[in-house]
Amino acid sequence: MEKVLVFGHKNPDTDTIASAIAYAELKKELGVHAEAVRLGEVNGETQFALDYFKVARPRLVTEVSKEAQHVILVDHNERQQSADDIDAVKVTEVIDHHRIANFETSDPVYYRAEPVGCTTTILNKMYKEHGVAIKPEIAGLMLSAIVSDSLLFKSPTCTEQDVLAARELATIAGVDANVYGLDMLKAGADLSKKTVDELISLDAKEFSMGPFKVEIAQANTVDTAEVLLRQAELETRIEALIADKDLDLYMLLVTDILTNNSVALVLGPEASLVERAFGLEATNHLLYLEGVVSRKKQVVPVLTNTAAAVE
């Protein structure tokens, strides 16, 4: 039987890894030779979840076309966020909760996108629809993804469906969602040992916004000041990244998981897009964004609309 690879976006977060593992498990229960893989390194938060529920991290793959001809995308659809050789394989399915952009296929594809806070919320439904029981360790990872994407149900992306799914999954996994979730978030928020290169690539995603090429990274922490003490180093590496990737805008969103506020470090020839989008003026390349925690719902849409108005 031909193997199918299941994977999420580059610079994987907890939802990406958990969704790949959970959907590959469901596909195997349905008779498909599926394997969850990853396109980048696992972050501290995700590793905490994998260790807690005793699940091995997926295998790292850099060229998916050397492994399989058919792939399933989870937690993303934009090609610049996917495998470098995505055009060399056939995408057969997409399970996602993000905007749809820069995506097309030559053949019909099963595409499931829902406006919920996390991909595993959708997968929880799909397990039920197929009558397949979720294993406790898989449920734990799926819960971890919801906690991560919703910042323990505080993000504006969080829906009632996410909360209900989290409750169900916590029961199956045998954990208290709030107690476990806070421990997991704190594990991922320790940035003290991260290098500058790791900080600027943490959960980084590229976007096409109007005529502009944009990259937005997000780092969750309990101490934004600790990260900003390294601003000079960060700016040096970001400027090099902008030149290397020919970016119009780079934004590092440093989010305080305790106060639910963020500080954005913005650089690039079109950095003023962020100022116009939020109606704020940057000071020393920094904007203080009160109540902003979600890149998907609170940053990408307003930046996209601002960029479109420039055309």
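Structure first, text after, so check above.
A brief report on the enclosed structure follows. (Residues numbered from 1 in each chain as written. Predicted model: local features only at pLDDT ≥ 70, side-chain atom pairs only at ≥ 80, totals over all residues. Heavy atoms only, no water.)

**Side note on the sheet that holds strand 8 (residues 212-221)**
Reasoning step 1: With mixed pairing, the five strands of this open sheet are ordered in space as 7-8-9-10-11. At either margin of the open sheet sits one strand with a lone partner, and together these are strand 7 (205-209) and strand 11 (286-289). Strand after strand, the sheet turns through a mean of 25° between neighbouring axes, direction not considered.
Reasoning step 2: Of the pairings in the sheet, the one linking strand 10 (residues 261-267) to strand 11 comprises four bridges and is antiparallel in character. Its bridge partner lying in strand 11, Leu265 is registered against Leu286. (Pairing = 2+ DSSP bridges. Helix = DSSP H or I, 4+ residues; strand = E, 2+ residues; numbered from the N terminus. Axes fitted to C-alpha atoms, helices over the stretch in contact; angles between N-to-C directions.)

**Observations concerning the packing of helix 3 (residues 119-129) against helix 5 (residues 160-173)**
Reasoning step 1: Orientation of helix 3 relative to helix 5, taken along the N-to-C sense of each, is 60°, at an axis distance of 9 Å. Considered as vectors, helix 3 and helix 5 are oriented oblique to each other. Handedness of the helix 3/helix 5 crossing: left-handed. For the pair helix 3 and helix 5, contact is made by Thr121, Asn124, Lys125 and Lys128 and by Gln161, Asp162, Ala165, Glu168 and Leu169, respectively.
Reasoning step 2: Among the residues making up the contact of helix 3 with helix 5, the classes are represented as two nonpolar, three polar and four charged. (Parallel < 35°, antiparallel > 145°, perpendicular 65-115°, else oblique. Left-handed = near helix turned anticlockwise from the far one by under 90°. Contact = heavy atoms within 4.5 Å. Nonpolar A, V, L, I, M, F, W, Y, C, P; charged D, E, K, R; others polar.)

**Things to note about the packing of helix 2 (residues 44-52) against helix 6 (residues 177-188)**
Reasoning step 1: At a closest axis distance of 7 Å, the pairing of helix 2 and helix 6 adopts a crossing angle of 135°. Judged by the inter-axis angle, helix 2 sits oblique to helix 6. Pair helix 2 / helix 6 crosses with right-handed handedness. Touching Gly44, Glu45, Phe48, Ala49 and Tyr52 of helix 2 are Tyr180, Asp183, Met184, Leu185, Ala187 and Gly188, all from helix 6.
Reasoning step 2: Across the contact of helix 2 with helix 6, the residue classes break down as seven nonpolar, two polar and two charged.

**Quick look at the nonpolar core**
Reasoning step 1: Counting residues in hydrophobic clusters, the biggest one holds 51 residues, and the most contacted among them are Val6, Ile21, Tyr23, Tyr127, Leu141, Met142 and Leu143.
Reasoning step 2: Contact partners of Leu141, with chain neighbours within four places excluded, come to Ala18, Ile21, Ala49, Leu50, Phe53 and Val55.
Reasoning step 3: Core analysis: the next-biggest nonpolar cluster, separate from the first, contains 22 residues, Ala219, Leu228, Ile238 and Leu247 among them. (Core = buried A, V, L, I, M, F, W, Y, C linked by side-chain atoms within 4.5 Å. Buried < 20%, exposed > 50% of the residue type's maximum accessible area, 1.4 Å probe, protein only.)

Function cannot be inferred from these measures alone, as they are strictly geometric.
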